Amino acid sequence: ALGVRDNIDGNVLLNLLRIWASNDDTGKRRFRTSLGHFQRVLQHAQKCIHDAETSSSTISADEIRKAFETEPLIWLPDVSVEQRKNVNNAANTGFNEFWKVVDGQFWAASDLAWADPSNILDFMPGPPRVVGLHYTCSELRNFFTRSICY
């Protein structure tokens, strides 16, 4: 056997995220990807938490949750899809913007908020950032508000 992985478990996923988050010489955790790609990453993280809770795993669900809470493992784009659609021409669909590779930064969950009814947080230069402006599917709302909460 060549030893090539046939799955990505919680340990492997956390290690990949740590590499991606530290792959920036400025120390600001800059990274380029798309919301579509990172949404898949977060959906897999939710699966890893579920798998760790329901079967034997090399890492516990609490260890995964703690890593997301305290380490900068959640990528957010610098500009939301809605803002990019407004800046770009009207022919550009949200789907195209969702899969467009853009600049962003990694954050810890403790630096983020799901929503901001007051509309003041996401305009601030630092944390907290409003995750719900970027990841809008209900599955990820559950991930941010339930899965990685204790």
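Reading the values: the criteria
Residues numbered from 1 in each chain as written. Predicted model: local features only at pLDDT ≥ 70, side-chain atom pairs only at ≥ 80, totals over all residues. Heavy atoms only, no water. Helix = DSSP H or I, 4+ residues; strand = E, 2+ residues; numbered from the N terminus. Buried < 20%, exposed > 50% of the residue type's maximum accessible area, 1.4 Å probe, protein only. Contact = heavy atoms within 4.5 Å. Pairing = 2+ DSSP bridges. Axes fitted to C-alpha atoms, helices over the stretch in contact; angles between N-to-C directions. Core = buried A, V, L, I, M, F, W, Y, C linked by side-chain atoms within 4.5 Å.

So what's going on with the overall build of the protein? Which residues, and what values?
Within the protein, the secondary structure is distributed over 6 helices and 5 strands. Ordered by position from the N terminus, the helices and strands of the protein form the series α-β-α-α-β-α-α-β-β-β-α. The buried share of the protein, taken over its 150 residues, is 41%. Considering only residue pairs separated by 6 or more positions, the protein has 69% of its internal contacts joining residues 24 or more positions apart.

Any details on the sheet that holds strand β1 (residues 30-33)? Residues and values, ideally.
The strand order across the open sheet formed by 3 strands is β1-β3-β2, and the pairing between neighbours is antiparallel. A strand with exactly one partner marks an edge of an open sheet, and here the two such strands are β1 and β2 (74-77). Taking the axes of each pair of neighbouring strands and ignoring which way they run, one obtains an average angle of 45° across the sheet. Bridge count for β2 against strand β3 (residues 102-107) is 4 bridges, and the pairing is antiparallel. From the neighbouring strand, Pro-77 faces β3, where its bridge partner is Gly-104.

I'd like a description of the nonpolar core, backed by residues and values.
Ranked by internal contacts, the top residues of the largest apolar core, which has 36 residues, are Leu-17, Phe-38, Phe-68, Tyr-135, Phe-143 and Phe-144. Secondary structure elements with two or more residues in this core: α1 (10-21), α2 (35-54), α3 (61-70), β2, β3 and α6 (138-147). In terms of residues, this core owes the most to one element, α2, which gives 8 residues. Sequence-distant contacts of Leu-17, defined by excluding residues within four places in its chain, comprise Phe-38, Val-41, Phe-68, Leu-73 and Phe-106.

The quantities given are spatial measurements derived from coordinates; they are silent on function.
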